[in-house]
Amino acid sequence: MASEFDLIKRYFNRPQPDAILGVGDDAALVQVSPGMQLAISADMLVAGTHFYADIDSWMIGWKSMAVNISDMAAMGAQPRWATLAIALPKADETWVARFAEGFFACAEQFNVALIGGDTTRGPLTISVQIMGEIAPGQSLLRSNAQAGDDLWVSGPLGDAALALAAIQGRFPLSEAELDACSPALHQPQPRVALGLALQGLAHSALDISDGLLADLGHILERSELGAEVWLNAIPQSKTVSAHSHQSEVQAMILSGGDDYELCFTAPAKNRHRIAEIGQKLGLTLAVIGQMTASPTLTILGLDDTPLTLKEHGFDHFA
């Protein structure tokens, strides 16, 4: 059976041209570009909570990196380096090899270098810390939204939640529909290029991980504002749209989570420029509401009447 250090050497020790010193020592050394600030975030994924342990570990590897890169996108930062700490029930080299392939496929697509980490034995748990760079004053902070801002999302919502509901037997989908929705759940696409393009145009941003309404709530709280959200303006895939007349699917669109699209606010005067960015990047950017001075959240349903939901998103301790 492979040792801890064998696993690291075989599957995680890759060239790190952007690091002064990477994997193999007590700490990594990196050089931040002159005049730039370091943006740092961390996410933990636990088997049974964030993913099923029996799915292809390539997808687990991809998602582990992607959700962290998405945090950099939400800040408007350029992702650069990451560390990985992983607890494994056993040293299953087949599982680890596929995990590493997916992890590095995502890392390489977004030019992120793995520069360190740790492995141990325990319940399957994956912790990634990511670091990126951003110029001072350019961060897309949750606290910077302003009353009257347009409220945007970067693409369709609800596919990941619908796929999960189908996998769990809570919502019937055809095989073709499940195949169409599953990539959103297993292989989310971080919107790094959009986050960088929104510098100077958007006031605030975050990525949608726990559900649109739950995550939007963080902007409302930090900016001390309210919002009006228009369900009929939220982009939907063909599969989600086919079922959107059902209240449970409407709840998935608004609060299902795992979308990893960006939710951001921007002044109405920038609407045309942001739309042009969407066209250039091939993204379905859409204005789905407006920020309000009144500290309340109003949701207008498909018939433009107020809609009430029991839950606004995922809560790890609810």
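Basis of the calculations
- Residues numbered from 1 in each chain as written.
- Predicted model: local features only at pLDDT ≥ 70, side-chain atom pairs only at ≥ 80, totals over all residues.
- Heavy atoms only, no water.
- Helix = DSSP H or I, 4+ residues; strand = E, 2+ residues; numbered from the N terminus.
- Contact = heavy atoms within 4.5 Å.
- Polar contact = N/O pair within 3.5 Å; in protein donor to acceptor, adjacent residues only side chain to side chain.
- Buried < 20%, exposed > 50% of the residue type's maximum accessible area, 1.4 Å probe, protein only.
- Arc of directions from axis to C-beta.
- Axes fitted to C-alpha atoms, helices over the stretch in contact; angles between N-to-C directions.
- Left-handed = near helix turned anticlockwise from the far one by under 90°.
- Core = buried A, V, L, I, M, F, W, Y, C linked by side-chain atoms within 4.5 Å.
- UniProt positions renumbered as here; feature names shortened; annotations may be inferred.
- Parallel < 35°, antiparallel > 145°, perpendicular 65-115°, else oblique.
- Nonpolar A, V, L, I, M, F, W, Y, C, P; charged D, E, K, R; others polar.
- Pairing = 2+ DSSP bridges.

Chemist: Describe the environment of Gln236, and please don't skip the residues or the numbers.
Modeler: Residue placement: Gln236 occurs in the loop between β9 (226-230) and α8 (238-243). Residues Gln236 and Leu157 lie 79 residues apart in sequence; the distance between their C-alpha atoms is 5.9 Å. Among all residues touching Gln236, those that are not within four sequence positions of it are Pro156, Leu231, Ser241, Ser244 and Ile253. At a separation of 3.4 Å, a polar atom in the side chain of Gln236 contacts the side chain of Ser244.

Chemist: Any details on the environment of Arg80? Residues and values, ideally.
Modeler: Checked against the element boundaries, Arg80 lands in strand β4 (residues 78-88). The spatial distance from the C-alpha of Arg80 to the C-alpha of Val112 is 4.7 Å, given a sequence separation of 32 residues. Only 2.7 Å separates the side chain of Arg80 from the side chain of Glu133, close enough to count as a polar contact.

Chemist: How would you sum up helix α10 (residues 271-281)? Please name residues and give values.
Modeler: When we look at burial in α10, the residues that qualify are Ile274, Ile277 and Gly278. Axial view of α10: buried residues confined to an arc of 100°, hence all on one face. For α10, the exposed residues set more than 90 degrees away from the buried face come down to His272, Gln279 and Lys280. Buried residues along α10 sit against β7 (150-153), α6 (192-197) and β10 (262-266).

Chemist: Can you lay out the packing of helix α2 (residues 57-75) against helix α3 (residues 93-109) for me, pointing to particular residues and giving the numbers?
Modeler: Pairs of packed helices are described in terms of their axes, by the angle between the two and the distance that separates them. Look at α2 against α3: their axes get within 6 Å of each other, and the N-to-C directions meet at 35°. Where α2 crosses over α3, the two elements pack in a sense that is right-handed. Where α2 approaches α3, its residues Ser57, Trp58, Ile60, Gly61, Trp62, Ser64, Met65, Ala66 and Ile69 are matched on the opposing element by Trp95, Arg98, Phe99, Glu101, Gly102, Phe103, Ala105, Cys106, Ala107 and Gln109.

Chemist: Give a description of the nonpolar core that names residues and reports values.
Modeler: Counting residues in hydrophobic clusters, the biggest one holds 50 residues, and the most contacted among them are Met65, Ile126 and Phe264. The element that contributes the greatest number of residues to this core is α2, accounting for ten residues. Among residues more than four places away in sequence, those in contact with Met65 are Ala82, Phe103, Cys106, Ala107, Val112 and Ile130. With 37 residues, the next largest nonpolar core counts Val153, Leu157, Val229 and Val249 among its residues.

Chemist: I'd like a rundown of the UniProt feature "binding site: Mg(2+) 5" (unreviewed entry) in the chain, residues and numbers included.
Modeler: The sites that UniProt annotates as "binding site: Mg(2+) 5" (unreviewed entry) are Asp210. Residue classification places Asp210 among the partly exposed residues on the basis of a relative accessible area of 22%.

Chemist: If you had to explain the packing of helix α4 (residues 159-167) against helix α5 (residues 175-186) to someone new, which residues and values would you point to?
Modeler: At their nearest, the axes of α4 and α5 sit 7 Å apart, and the two run at 110° to each other. Classified by the angle between their axes, α4 and α5 sit roughly perpendicular to one another. When the axes of α4 and α5 are compared, the crossing they make is left-handed. Residues Asp159, Ala160, Leu162, Ala163, Leu164, Ala166 and Ile167 of α4 pack against Leu178, Ala180, Cys181, Ser182, Ala184, Leu185 and His186 of α5. For the contact of α4 with α5, the class distribution of residues is eleven nonpolar, two polar and one charged.

Chemist: So what's going on with the pairing of strand β11 (residues 286-292)? Which residues, and what values?
Modeler: As paired elements, β7 and β11 share four bridges and run antiparallel to each other. In the sheet register, Val153 faces β11, and the bridge partner there is Ala286. Pairing of β9 with β11, which is carried by four bridges, proceeds in the antiparallel orientation. Counted as the bridge partner of Gly226 is Thr292 from β11.

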